[in-house]
Amino acid sequence: METAGRAEKEKTSKRREEVLKIVKWSITGIGSAVVELGIFALLRFLFEHAFVSFNERPVYNSFLNFLGIKYLGYLIAYFTSACIGYALAFIINRIYSFKADGNLAVSATVNVVFTFINILFVTWLGTVLSNLSVERSWGFWGDMLIKVSVMTVPVIWAYPINRFVIHRKKKK
C-alpha cells in the first residue's frame, strides 16, 4: 500500500515538474518575443523614416524571391529580430527553464539547425503575409500584427523540440 502511495506521489511530482517547465518555457518565450518584437519595430521604424532606401531596394536572389522576400529593409528587420529572439530564448531556456546539462556544443548545433529551419519557414510565412499587407496598405501596424501572428506559429513544435532534443539532461 505504501509503495503505491509513494509511486502516485512521485508521478504527481513529475507532472508538476513538467508543468513548471512548460510555464518557465512560456515565460521565456514571451520575454524573448517581446525583445524580438521591439527590435523588429525599431528596425522597421528606422527603415521607414531614416533609411528609406532599404525599403525601396529590391532583393535579387532566387531563393529569397522564392520565399517571397522583395525588399531589403523588411528582410533585415525580420531576420535580425528573429535571430536575436531565438538566441536569447536558447540561453535562458538552457539555464532557467530546463536546467540542461547536456553537451553545450551539441545543443547549440541542434538549436542553430532548428532555428535556421524555423526562421526560413517563419520568414517565408511572414513575407507572404507582409506582401499582402503592402498590397492592402495596412502599414506599420499591419506589419506588427503579422509579426506577432507569425511568431506564434512555431510554438506548436518548439516546446517538444526544446524539451526533448535541444535541452536534454545527462542520464544519471
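The preceding data block contains the structure.
Here the structure is a predicted model, which means the values were calculated and not measured.

Basis of the calculations
Residues numbered from 1 in each chain as written. Predicted model: local features only at pLDDT ≥ 70, side-chain atom pairs only at ≥ 80, totals over all residues. Heavy atoms only, no water. Axes fitted to C-alpha atoms, helices over the stretch in contact; angles between N-to-C directions. Helix = DSSP H or I, 4+ residues; strand = E, 2+ residues; numbered from the N terminus. Left-handed = near helix turned anticlockwise from the far one by under 90°. Contact = heavy atoms within 4.5 Å. Nonpolar A, V, L, I, M, F, W, Y, C, P; charged D, E, K, R; others polar. Salt bridge = Lys/Arg side-chain N within 4 Å of Asp/Glu carboxyl O. Buried < 20%, exposed > 50% of the residue type's maximum accessible area, 1.4 Å probe, protein only.

Chemist: Would you take a moment to explain the packing of helix α4 (residues 72-97) against helix α6 (residues 139-152) for this structure?
Modeler: How two helices sit against one another is set out by the angle between their axes and by the gap between those axes. Their axes nearest at 13 Å, the elements α4 and α6 cross at an angle of 35°. Note on packing geometry: the crossing formed by α4 with α6 is right-handed. Contacts from Tyr-74, Tyr-78, Ser-81 and Ala-82 in α4 reach Asp-143, Lys-147 and Val-150 in α6. Looking at the contact of α4 with α6 residue by residue, the class counts come to four nonpolar, one polar and two charged.

Chemist: Where do I start with the pattern of salt bridges in this structure?
Modeler: Oppositely charged side chains are able to pair whenever their charged atoms sit close together. This model, assessed by the stated rule, comprises three salt bridges. With a closest N to O distance of 2.8 Å, Glu-18 and Arg-163 form a salt bridge. On the criterion of sequence distance, the pair formed by Glu-18 in helix α1 (residues 2-49) and Arg-163 in helix α7 (residues 155-166) is long-range, its members being 145 residues apart. For Arg-163, a relative accessible area of 17% gives the class buried. Between Glu-48 and Arg-44 there is a salt bridge, with its nearest N and O atoms 3.6 Å apart. Of this pair, Glu-48 and Arg-44 both sit in helix α1, separated by four residues, roughly a single helical turn. Salt bridges sharing common partners tie together Arg-44, Glu-48 and Asp-143.

On their own, these measurements won't tell you what the molecule is for.
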